[in-house]
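Single-letter residue listing:
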Amino acid sequence: MIPLVSNTSQKTFISRLMQYPVTRAILALIVIFVIGLVFNGGGAFFKWPAHRDMLRQYSVFGILACGMTIVIITAGIDLSVGSMLGLSAVVFSLLTIHRDWNPWHAIPACIAMGAILGVVSGGLISRFRIQPFIATLAMMVFARGLAKFISGGMKISTSIQQADGSYIYKNDPAIFKMIDSRILDGNLAVVTLIFIFCLFISWLILSRLRIGRYLYAIGGNEEAARLSGVPVIKAKIFAYGMCGLFSAIAGICQAAQEYQGDPEAGVSYELTAIAIAVIGGTNLMGGRGSILLTLFGTLTIGYLDKILSINAVSEAGRLMLTGVIIVSAVLLQRRRK
Amino acid sequence: MKKTRSMLVGIAIVLCLALTAATWSAEKGTPENPWVIGMSQCNLGEPWRVQMNADIKSAADAAPSIKVIYKDAQNDTLRQRAHIEEFIGQGVDLLIVSPKEAAPLTPIIRNAYTNKIPVIVLDRRVVGEDYTCFIGADNKKIGEAAGRWIAGKLNGKGNVVELKGLMTTTPGQDRNSGFRKGIEGTEIKVIFEADMKWLEPDARKEMESALARFDKIDLVYGHNDPAAHGAYLAAKAAGREKNIIFVGIDGLVQEGQAYIKQNILQASFEYPTGGKEAIEIALKILKGETVPKEITLKSRVFTPENLEKGGEWLPEMPASSAPAQPAKKEQ
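Residues numbered from 1 in each chain as written. Chains lettered and ligands numbered in written order. Predicted model: local features only at pLDDT ≥ 70, side-chain atom pairs only at ≥ 80, totals over all residues.

Caption draft 1: Structural detail: the sheet that holds strand 11 (residues 294-296) of chain B. All names here are of chain B. The strand order across the open sheet built from six strands is 2-1-3-4-5-11, with neighbouring strands paired in parallel fashion. Every interior strand has two partners, whereas the edge strands, strand 2 (66-72) and strand 11, have only one. Looking at each pair of strands side by side, their axes are set apart by 15° on average, direction ignored. Alignment of strand 1 (residues 35-41) against strand 2, held across seven bridges, turns out to be parallel. Its bridge partner lying in strand 2, Ser40 is registered against Lys71. Those strands touched by helix 2 (residues 47-61) are strand 1, strand 2 and strand 3 (94-98), and its axis lies near 165° from that of strand 2. Where helix 3 (residues 77-90) meets the sheet, its contacts fall on strand 1, strand 2 and strand 3, and the angle it forms with strand 1 comes to roughly 175°. (Pairing = 2+ DSSP bridges. Helix = DSSP H or I, 4+ residues; strand = E, 2+ residues; numbered from the N terminus. Axes fitted to C-alpha atoms, helices over the stretch in contact; angles between N-to-C directions. Contact = placed C-beta atoms within 7 Å.)

Caption draft 2: How the structure looks around helix 3 (residues 48-73) of chain A. All names here are of chain A. Residue Ser59 marks the point of greatest curvature in helix 3, where the axis turns by about 45°. Counting buried positions along helix 3 gives 23 out of 26 residues, so the element sits mostly inside the fold. Among the residues trailing helix 3, Ala75 stands out with phi positive, at a value near 65°. (Bend = angle between axes of the 7 residues up to and from the residue. Buried ≥ 20, exposed ≤ 12 C-beta atoms within 10 Å, placed from the backbone.)

Caption draft 3: The arrangement of the pairing of strand 6 (residues 157-164) of chain B in detail. Residue and element names in this part refer to chain B. Burial runs high along strand 6: six of the eight residues are buried. As defined by bridge partners, strand 6 adjoins strand 7 (residues 187-195) across eight bridges and the pair is classed as parallel. Counterpart to Lys164 in the pairing with strand 7 is Asp195. Tracing the backbone out of strand 6, into helix 6 (residues 170-182) and back to the parallel element strand 7 gives a crossover that is right-handed. Pairing geometry for strand 6 and strand 8 (residues 219-222), over four bridges, is parallel. Bridging across to strand 8, Val161 finds its partner in Val220. (Right-handed = clockwise from strand over helix to strand, strands pointing away.)

Caption draft 4: Expanded view of the interface of chain A and chain B. The interface of chain A with chain B comprises 22 residues on the first partner and 22 residues on the second. Within the residue set of the side of chain A that touches chain B, elements represented by two or more residues are helix 3, strand 1 (159-161), strand 2 (167-169) and helix 13 (291-310) of chain A. Here the side of chain A that touches chain B gets four residues from one element, more than from any other, and that element is helix 3 of chain A. Split by residue class, the side of chain A that touches chain B holds eight nonpolar, eight polar and six charged. (Nonpolar A, V, L, I, M, F, W, Y, C, P; charged D, E, K, R; others polar.)

Caption draft 5: Layout of helix 9 (residues 253-261) of chain B. Most of helix 9 of chain B is tucked away, with seven of its nine residues classed as buried. Once helix 9 of chain B finishes, B:Asn263 follows within two positions and takes phi at roughly 65°, a positive value.

Caption draft 6: Local environment of the domain arrangement of chain B. Residue and element names in this part refer to chain B. Segmentation of chain B into domains returns domain 1 (29-137 + 274-297) and domain 2 (139-271). Each of domain 1 and domain 2 has a C-alpha centre, and the two are 32 Å apart. Each partner contributes residues to the interface: domain 1 has four residues there, and domain 2 has six residues. Across the side of domain 1 that touches domain 2, the residue classes break down as three nonpolar, one polar and no charged. (Domains from an automatic or database assignment.)

Caption draft 7: Structural view of the confidence of the model for chain B. Residues and elements named next belong to chain B. Within chain B, residue pLDDT values average 87, and 89% of them lie at 70 or more. Averaged pLDDT values for the elements of chain B fall to 63 in helix 1 (residues 2-25) and rise to 97 in strand 8. We note a pTM of 0.82 for the whole complex and an ipTM of 0.81 for its interfaces. (pLDDT = per-residue confidence, 0-100.)

Caption draft 8: Main features of the sheet that holds strand 9 (residues 245-250) of chain B. Residues and elements named next belong to chain B. Read from one edge to the other, the open sheet built from seven strands follows the order 7-6-8-9-10-12-13, with strand pairing classed as mixed. Looking along the sheet, the strands with just one partner apiece sit at the ends: strand 7 and strand 13 (312-313). Summarising the sheet, strand 8 and strand 9 pair through three bridges and their orientation is parallel. Note that in strand 9 the partner of Val220 across the bridge is Phe246.

Dropping the structure here:
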């Protein structure tokens, strides 16, 4: 829908601009944003809290999408991020609430656990040549089972059942309150800050480090990458390890925002994370994409959800509209001939 | 390979014989040879259902004459059907089923019932009358009681946010329609309603939207306690939790009642699991006593004032608010 312009140089400028995935991602975001300006939920969209809350809510998805982007760039996929989030939320709650661990021990422990499970997925995929879809599907089921096993199927909250069936009630750990608080005079959630930090780390890996170039090379053509001396196995293990690590961070944020570890947390979050990466413009076939695109993907999906929510659209309508808008956004982004 | 397989088959046969011998050897219902009860749970992913199994377990542990085998269908109707088939095949003495859905599970429950296996149906109904006893609470009545309590608390006037459970499920529909009936004739307005799919993070998100849109919210009615808690967290982040009353449903010790203790909720309406009652009825059936066809569980309301006393029983509702009976055969 580019307006017809008589000036040819201007026309080529626009079409040249549209060749960049970033421009297309921004365009999709602008379209969603304009929809928000029209359907503003009685003016709620014009106030900062709506945007601040959207950023808070989508930080967890965004953190998952950071890891997902790294994996998708290697032409892989990680279905286990949602389960890993649930597992990490349970373990983090268990350690901090029930075991009274110092958060500066509990946080690294959870992150290490996530990274190790990610490395296991990566090892199965690269070393044992199991398809990423299958290996991470297995990890998804396994991690969910582990979360349920550790928690005994119950939410790990500040109400703790004793051996005799009675309950004792603990206070919310300070670390939960800290992660669930806001900075800058209450204008930015701490989880959003954590999301920005994760974006920065992913950007560093993908755009500034040698390993990032390896990941793009593997996604572009794995065989060619191997023949030109890229350590394919190590690089892939690294990618899935990072994805597991980010899932664990997301799990910690989720637990802190719920003030409990829910073994069911994160069900189907992997689909949102994949949608975010893809809607940003990262190619599922691998080799193309960036973390900046994932940031725009997060904002696009986040605003879409927020606009549907402030307008109190019914659930049925939301599902259908989300489907339609995702397809439209992807079509809008398609490279024009 | 062949040798191992035939050995395995041999072991299996011996085991089967041993088992049959054990079951035939003595009279049933003793600690040495207890009655076996098959418990088919539709989804242990929900804390409330975990609580139901825990209630069954604690009641069953106190009765040495029975042994309960648990199966979790993980929210899959066909898997639950397979579980019930397995129980029938294995020849359990009694079945407790908390069905996921009525229609698809009715034939298999009827099959068990006509094969002289007593069936206790817990929480959700099946079609027809081919079961021994139905035990369940009434979501419509609980929703209506919540509506009346809210009307009283707000003096019949105010702005309410309703965070609904999955509206494709009967508990969601009944907690909604009961509540609307309870506030009928008052000046209470539901200014914002959204489906939070029973999930706390979704409830928090929807409440944030409600807070962004409306400056005056008097009360939040959540279809479960996690929803009310999620709404509280959203209001607290906006610095508005002091001016809003939060009400939930379920009243589990570790959730709703704990939130009341922490002054987060002002009321939680109990939705009893019926686990304890199921075992009591099961023991009666196994001993050959007659039991009523239907038991409607009473529920309590928990508030900060009555929590120490163990809550307050809800008054009996008029018959007009009784649940819609499922289609009965031969009527």
